[in-house]
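Residues per chain are reported as follows:
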Amino acid sequence: MGTVALRIDALPDRAQTEARLRQLEEDQAHAARLCVLGEMVSSIVHEIRQPLSAIAMDIDTSLRLLSQDSPDLKKLRFNMARMKDSARRANELVHRIKQMAVKRDPICTDVDINGVISDSIELMAIETVARSIRIHCSLDPATPFVRGDALQLQQVIINLLINAVQAIELAPSGHREIRVKSKQSFHGVRISIEDDGAGIPEPLLDKIFDAYFSTKRTGMGIGLSISRSIVEAHGGTINASNGRNGAIVDVDLPREPAPYAELLDEAGEARAAVLPMPSHSPEFARPEF
Ligand SMILES: Nc1ncnc2c1ncn2[C@@H]1O[C@H](COP(=O)(O)OP(=O)(O)O)[C@@H](O)[C@H]1O
Ligand SMILES: [Mg+2]
């Protein structure tokens, strides 16, 4: 199966971004999102269980209050309001997970990349806290919005965070930190994710973005390739290198999509970042760290 080349002739700038995002084969992006959900299943279960347990406790105390001769209505009202709030939290979470789980067309908006980073870190919190991994986050408030699909960009950040967590788990050292940075750049924004793992062996630096390349026993090898497809569909670039401790992955995203001409290859056809899909269904098992 080769790559698909599409023409995006004479589209206005913004429509070009949308068309490029559509070029990402949704099957492939969807399969990768399901993988991410599989890898995050313990965080998700924990996050949903919390408000549900809170509701169960509030119901117990409310029933006890109601069994009294003259129940304290003020306390009951307070419990009810808290239950409503917990139900709303659980509902929001289910909505967010559903968004990741369903197939959908890309939605192009002006994306607050710092917000996407914070949301992704929040979603990963249980995974990192449980493993005593600290995430040090430094977000530049001057970071401009970028034109693109927030869910796809979140998918990139989460893929990179999962890789960083796994790298630290695979090569435990004294330091267990992931440093996430955003910085305004000439064209838009640079996001850097650096970890305290063992780094990436030099000969593998140009292989790790290949589809199905993995050095992990249960790795699918699609996290970085789908991330590169997404970033390139947004007119950006993604690069890996080694820092003082572990690996550094830099994602550069332009504020606005690049002019159409830059997307054309020598044959005058738009580049499409589409990977062949494996013939078997991916297993969405939680990888062993
Ligand atoms: N932060 C990192 N530190 C060290 N190696 C990494 C890191 N991120 C990715 N890699 C390497 O790149 C490979 C491909 O990553 P990825 O596409 O996410 O697939 P997977 O995580 O399923 O192996 C990994 O198997 C690993 O060898
Ligand atoms: Mg991965």
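Note that this is a predicted model, so its numbers are computed, not measured.

A word on the side chain of Arg 33. When you line up the elements, Arg 33 lands in helix 2 (residues 26–39). For Arg 33, a relative accessible area of 1% corresponds to the buried category. Among the polar contacts made by the side chain of Arg 33, one reaches the main-chain carbonyl oxygen of Val 102 at a distance of 2.9 Å.

It is worth spelling out the pattern of salt bridges at this point. A full pass over the atoms with the stated rule returns 14 salt bridges. Taking the shortest distance from any N to any O, the salt bridge between Glu 127 and Arg 131 comes out at 3.0 Å. Like Arg 131, Glu 127 is buried. The shortest N-O distance in the salt bridge between Arg 190 and Asp 252 comes to 2.9 Å. Pair noted here: Arg 190 is in strand 5 (residues 188–195) and Asp 252 is in strand 7 (residues 247–254), with a separation of 62 residues, a long-range link. Look at Arg 190 and you get partly exposed, because its relative accessible area is 35%. Overall, the relative accessible area of 18% leaves Asp 252 in the buried class. Residues joined in a network through salt bridges with shared partners are Arg 134, Glu 177, Arg 179, Glu 194 and Asp 196.

The next subject is the site of ligand 1. Taken together, 18 residues are adjacent to ligand 1, and Asp 195, Ser 214, Thr 215, Lys 216 and Leu 224 come closest. In this structure, Asp 195 approaches ligand 1 through a side-chain N or O atom, which is 2.8 Å from a nitrogen atom. Within the backbone of Leu 224, an N or O atom sits 2.8 Å from an oxygen atom of ligand 1. Alone, ligand 1 offers 540 Å² of accessible surface; in the complex the protein occludes 91% of this. Elements with a contribution of two residues or more to the shell around ligand 1: helix 6 (150–170) and helix 7 (223–233). Top contributing element to the shell around ligand 1 by residue count: helix 6, with three residues. In the shell around ligand 1, the residues fall into eight nonpolar, eight polar and two charged.

Moving on, we get to the sheet that holds strand 5. The five strands lie next to each other as 2-4-5-7-6, forming an open sheet whose pairing is mixed. Both edges of this open sheet fall to strand 2 (134–139) and strand 6 (237–242), since each of them pairs with a single strand only. Geometrically, the sheet is characterised by an average inter-axis angle of 15° between neighbouring strands, direction not taken into account. Of the strand pairs in this sheet, strand 2 and strand 4 (residues 177–184) are connected by six bridges, and their pairing is parallel. From the neighbouring strand, Ile 135 faces strand 4, where its bridge partner is Ile 178. With respect to the sheet, helix 5 (residues 113–130) is in contact with strand 2, strand 4, strand 5 and strand 7, its orientation differing from that of strand 2 by roughly 175°. Across the face of the sheet, helix 7 comes into contact with strand 6 and strand 7 while running at roughly 135° to strand 6.

Our focus in this paragraph is the nonpolar core. One finds Leu 161, Ile 178, Ile 191, Ile 193 and Leu 253 to be the most contacted residues of the largest nonpolar core, which totals 52 residues. Sorting elements by how many residues they give to this core places helix 6 first, with 11 residues. Setting aside its immediate chain neighbours within four residues, Leu 161 contacts Ser 120, Ile 121, Met 124, Ile 135, Ile 178, Val 180 and Ile 193.

The next point concerns the confidence of the model for the protein. For the protein, mean pLDDT is 82; residues scoring 70 or higher make up 81% of the total. The low-confidence segment residues 1–6, where pLDDT is below 50, has 13 contacts with residues more than four positions distant or belonging to other chains. For the stretch residues 259–289, pLDDT sits under 50, and the model shows 74 contacts to residues farther than four places along the chain or on other chains.

The subject of this paragraph is the pairing of strand 5. In terms of residue burial, strand 5 counts as a mostly covered element, since seven of its eight residues are buried. Inspection of the sheet shows strand 4 paired to strand 5 by seven bridges, in the antiparallel sense. For Arg 179, the partnering residue across the bridge sits in strand 5 and is Glu 194. Counting the residues between successive antiparallel strands, the hairpin from strand 4 to strand 5 contains three residues. Bridge count between strand 5 and strand 7: seven bridges; the pairing is antiparallel. Bridging across to strand 7, Ile 193 finds its partner in Val 249.

Rules and cut-offs
Here, residues in each chain are numbered from 1, in the same order as that chain's written sequence. The order in which chains are written sets their letters, starting at A; the order in which ligands are written sets their numbers, starting at 1. Under the rules for a predicted model, residues below a pLDDT of 70 receive no local features and side-chain atom pairs below 80 are neither given nor counted, while totals for whole chains, interfaces and linings still include all residues. Excluding hydrogens and water, the side-chain figures rest on all heavy atoms present in the structure. Numbering of helices and strands runs from the N terminus, with a helix taken as a DSSP run of H or I at least four residues long and a strand as a DSSP run of E at least two residues long. The rule is simple: take the accessible area with a 1.4 Å probe, protein chains only, and divide by the maximum for that residue type; under 20% is buried, over 50% is exposed, in between is partly exposed. Definition of a polar contact: a pair of N or O atoms within 3.5 Å, with one able to donate and the other able to accept a hydrogen when the atoms are protein atoms, and with sequence-neighbouring residues admitted only if both atoms are side-chain atoms. Salt bridge criterion: a side-chain nitrogen from Lys or Arg within 4 Å of a carboxyl oxygen from Asp or Glu. Near, as used in this document, describes a residue that has one of its heavy atoms within 4 Å of the molecule or strand being considered. All accessible-area figures derive from a Shrake-Rupley calculation using a 1.4 Å probe, and residue coverage is judged against the displayed protein chains alone. Polar here means any residue other than Ala, Val, Leu, Ile, Met, Phe, Trp, Tyr, Cys and Pro, which are nonpolar, and Asp, Glu, Lys and Arg, which are charged; Gly is therefore polar. Only when DSSP finds a minimum of two bridges between them are two strands counted as paired. Between N-to-C directions, angles span 0 to 180 degrees; the directions come from axes that are lines fitted to C-alpha atoms, helices contributing only their stretch in contact. Pairs of residues are marked as contacts when any of their non-hydrogen atoms sit within 4.5 Å. Nonpolar core, defined: a set of buried Ala, Val, Leu, Ile, Met, Phe, Trp, Tyr and Cys residues in which side-chain atoms within 4.5 Å join the residues together. The pLDDT value tells you how sure the predictor is about a given residue, anywhere from 0 up to 100.

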